[in-house]
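Structural overview
Each chain, letter by letter, is given below.
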Amino acid sequence: MGEAMPASNQRQPIKDWMTIVQFDGRGGVRKLEEAEEASFTTPAKGFALISGNSRAPEFKVWLKRELGDFNADLITVPSTRSRCTVLDDRALVVLRVARPGADPEDVGRQLLTLWIEKGRVIIASELNIVEFLGITQWQQTHHAPVSPADLVARLALRAADRIEPLIERMGDNLDTIEETLMLNRAGDSRSRLAHLRRTLINMRRLIWPQRDVLTTLEIEDLSFFTARDRVRLREAAARTARLGDEMQTLSERAVLVHEQLLDTRAEQMNQTMLLLAAATVVLMPLTVISGILGMNVEGIPFHNSPYAFWIVTGFLGVLGVAIYLFMRKKKWM
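Quick look at the structure, then. Nothing here was measured: the structure is a model prediction, and the numbers come from that model.

Bringing the pairing of strand E3 (residues 47-52) into the picture now. Most of E3 sits out of view: six of its six residues are buried. Side-chain alternation along E3 places Phe47, Leu49 and Ser51 on one buried face and Ala48, Ile50 and Gly52 on a second face that is also buried. Where strand E1 (residues 18-23) meets E3, six bridges bridge the pair, whose relative direction is antiparallel. The residue of E3 that forms the bridge with Gln22 is Ala48. Pairing of E3 with strand E7 (residues 120-124) involves five bridges; the strand directions are parallel. The residue of E7 that forms the bridge with Ser51 is Ile123.

The next point concerns the sheet that holds E3. Reading across the sheet, the seven strands line up as E2-E1-E3-E7-E6-E5-E4 and stay open at both edges, with mixed pairing between neighbours. The two strands at the open ends of the sheet, each matched to only one other strand, are strand E2 (29-31) and strand E4 (83-87). The average angle at which neighbouring strand axes cross in this sheet is 15°, direction not considered. Note: strand E5 (residues 90-97) against strand E6 (residues 110-117), seven bridges, orientation antiparallel. Across the sheet, residue Ala91 finds its bridge partner in E6, namely Ile116. The sheet strands contacting helix H2 (residues 69-76) are E4, E5, E6 and E7, and the helix crosses E6 at an angle near 150°. Where helix H5 (residues 148-182) meets the sheet, its contacts fall on E1, E3, E5, E6 and E7, and the angle it forms with E6 comes to roughly 165°.

It is worth spelling out the nonpolar core at this point. Counting 39 residues, the largest nonpolar core has Phe23, Leu49, Leu112, Leu114, Ile116, Leu133 and Leu217 as the members making the most contacts within it. Ignoring anything within four residues of it in the chain, the contact list for Leu114 reads Ala91, Leu92, Val93, Leu95, Val121, Ile122, Ile123, Val152 and Leu155. The next biggest cluster of nonpolar side chains, apart from the first, holds 21 residues, and it includes Ile163, Leu193, Leu200 and Leu243.

About the cut-offs
Residues numbered from 1 in each chain as written. Predicted model: local features only at pLDDT ≥ 70, side-chain atom pairs only at ≥ 80, totals over all residues. Heavy atoms only, no water. Buried < 20%, exposed > 50% of the residue type's maximum accessible area, 1.4 Å probe, protein only. Helix = DSSP H or I, 4+ residues; strand = E, 2+ residues; numbered from the N terminus. Pairing = 2+ DSSP bridges. Axes fitted to C-alpha atoms, helices over the stretch in contact; angles between N-to-C directions. Contact = heavy atoms within 4.5 Å. Core = buried A, V, L, I, M, F, W, Y, C linked by side-chain atoms within 4.5 Å.

Now the structure itself:
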C-alpha cells in the first residue's frame, strides 16, 4: 500500500482543475485565491477542502505527489457504488449524487470521491463542489462545517436534498397510475408501472449503500472524529435511511398496484369468458335443432309446408329467449 507523501510547500499554481477552501473550525470559511496557493499548507486549526476535477491530468499528478500512487489511484478510479474504506487513520468515501433537474432514472450518475484525514478533505469529482455545497452562502452566514466529518455529513445531506424531489415525483407518478386503474382506464398503465418499478430498484441501489457508508464512517475509530462528528454523521445516515424507507413504501405500493392491475385484467378476461359461455349456452340448442331440421332426408316435419321456415324460426327464437331468461334467473350471466 502506498504511503501518503508529506505535503510540500512548493506547489503548482491552482488552475481550473482544483479549488482550495479553508475552514477555521468555528463556522468561518473562505476560498483561497490563486495568489495564496504557493504559501498554502494544511491549517493548524480548522481544516482545508481541496476539490479537483477527477478527469484532469494535472489533478492526478498532484494526488500522486500528495498521497502516493496507490492512494491516488483509489481516488481517481471510477466506482459504480457508494463505499467507505478506512486506511490507517484515513478514510476513502465514495458518494453518488443526482444531477440537477435529472429524471429519476438518471439519478446517481455523478460521483464524489472523498479522501478524509486529519485537517484535510480531498474531493475528486466533476461536480462544482463550491456551488454544490453553497460555500458562498456559508461565507455570509458564518455557518460552515467545523470538521471534516461535519463536511461529509453536509455533503450527504445535500445529496439527499437532490434525491427527495425525485422520490416525490415517483410517488406522484404512482398516484396517477393508481387513479387510472380506479377509473377503469388501464391504457398503458402496465408499461408505465413496469418502468416505475425498474426506476425504484435503481434508486434503492443508490440510497441504501449511501446510508451504509455513513453508518460505517460513524463507527470507525478515526482519531480526529469527535462525539459531535459522530452525531452529525448519524443524523445524515438517518436522513438517508428515511429516504430509503420512503422508497421501500413506494416499492410496496407499486407491488400492490401491479396486483390490482393483474386483478383488473383477470376480471376483464372473466367477463369476456362469461359472455362467450352464455352465448354458447343460448346458441348451442338452437344450432342442434336447426342442424337436425336441415338434414335433406325424408321424414323432416313440415317439409312440404310453405310456412315451415317461419314456424321453425319463431320456435327457435322463443326457445332462445326462454334459455336466456332462465340463465338470468339463476344468475349465471
